[in-house]
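Residue-level listing of the chains:
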Amino acid sequence: PGPTIQDTLYEYTRSGQLVQSFSIPYPVSPIPITENARDVAVSPDGFAHVYNGTFSPNMSSLNPVNGTWTHTTFPGWSTNGTGGYGGIAAKGEFVFVTDMNTVGANEMGVVRFDRGNSSATRFASNIDPIDLNIGLDGLLYIQYPGGFPAGRALDVYDPITLSFIRTTGFGFTDHRSIAVNSAGEIFVVDFEGNLQKRDPFGGLLSQVNVGGIVTDCRIRDVDLSPDGTLVMGTAGGRV
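The text that follows walks through the structure, step by step, so that each part is easy to find. Note that the structure is predicted; figures quoted are calculated from it, not measured. (Residues numbered from 1 in each chain as written. Predicted model: local features only at pLDDT ≥ 70, side-chain atom pairs only at ≥ 80, totals over all residues. Heavy atoms only, no water.)

Before going further, it helps to spend a moment on the overall build of the chain. For the chain, the count of helices and strands is zero helices and 20 strands. For 239 residues, the compact-globule estimate of 2.2 N^0.38 gives 18 Å, and the chain sits close to it at 17 Å. By its C-alpha atoms, the chain is 45 × 40 × 35 Å across when sized along the principal axes. For the chain, buried positions account for 49% of its 239 residues. When contacts within the chain are restricted to residue pairs at least 6 apart in sequence, long-range pairs at least 24 apart make up 38% of them. Split by element, the accessible area of the chain, about 11,000 Å² in all, is 54% carbon and sulfur. Positive and negative side-chain charges of the chain, numbering 14 and 23 respectively, have mean locations separated by a distance of 3 Å. (Helix = DSSP H or I, 4+ residues; strand = E, 2+ residues; numbered from the N terminus. Rg over C-alpha atoms; globule rule 2.2 N^0.38 Å. Buried < 20%, exposed > 50% of the residue type's maximum accessible area, 1.4 Å probe, protein only. Contact = heavy atoms within 4.5 Å. Areas by Shrake-Rupley, 256 points an atom, 1.4 Å probe, with all protein chains shown as cover. Lys, Arg positive; Asp, Glu negative; His and termini not counted. Charge placed at Lys NZ, Arg CZ, Asp CG, Glu CD.)

Structure, rendered in structure tokens:
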């Protein structure tokens, strides 16, 4: 991405065949060099929602049938420019995004967009999150903090009532992205390319190295499909 180059959203089959692609518009031209597309989530209606930006992000929502985009933002919403920061997740009519404390935008926590009534709410404002995930158990998992070591803790919330449930930790080491299965077991990747499986309270169950510490091999994102398949993306663009 750059000041005049749009990011691109790609749709692939599981076998790796490209289905279609869409240029991700940023609603200001020229595009500031800081404003990159960071994450994507698909809501039950098939719309794709992109975490579109860094210090001035938008929730950019794509109707894949007709290719139209809409853009929604929120006062004080931002994230640190570190690669892998900025998470988005969807549940029903709600879309959740991480919100970090950055220079000029001193708010932090999670912003929940309600697509049903076009409102938005900030909550969990006591943490500085880098990623989040709707687990297959239906709960919202928020990974924090930024800095180093990053992502070493999780707060768990009810995504409907926004009630706090519990805190989980991974120890004093650097972690990045998270995904959660129907049993509440947590899949998390660390900065050395390890995929870890942890119990709902953070205890390590198993681990395998899938990336390595070479910069373009580091895992930046992990997601879990309902059939139990894990998918990971690296800094170098591999899946």
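On to the sheet that holds strand β13 (residues 153–157), then. Read across the open sheet, the four strands follow the order β11-β12-β13-β14; overall the sheet is antiparallel. Lying at the two open borders of the sheet, with one neighbouring strand each, are β11 (131–134) and β14 (164–169). Across the sheet, the axes of successive neighbouring strands diverge by a mean angle of 20°, strand direction being ignored. In the sheet, strand β12 (residues 140–144) pairs with β13 via five bridges, with the strands oriented antiparallel. Within β13, the residue paired with Y141 across the bridge is V156. (Pairing = 2+ DSSP bridges. Axes fitted to C-alpha atoms, helices over the stretch in contact; angles between N-to-C directions.)

Here the focus is the pairing of β12. With five of its five residues buried, β12 lies for the most part within the structure. Alternating residues of β12 divide into L140, I142 and Y144 and Y141 and Q143, and every residue in both groups is buried. When β11 meets β12, the two strands line up antiparallel, connected through four bridges. Its bridge partner lying in β12, D131 is registered against Q143. Turn length for the β11-β12 hairpin, with the two strands adjacent in sequence and antiparallel, is five residues, and the turn residue G138 shows positive phi of about 90°.

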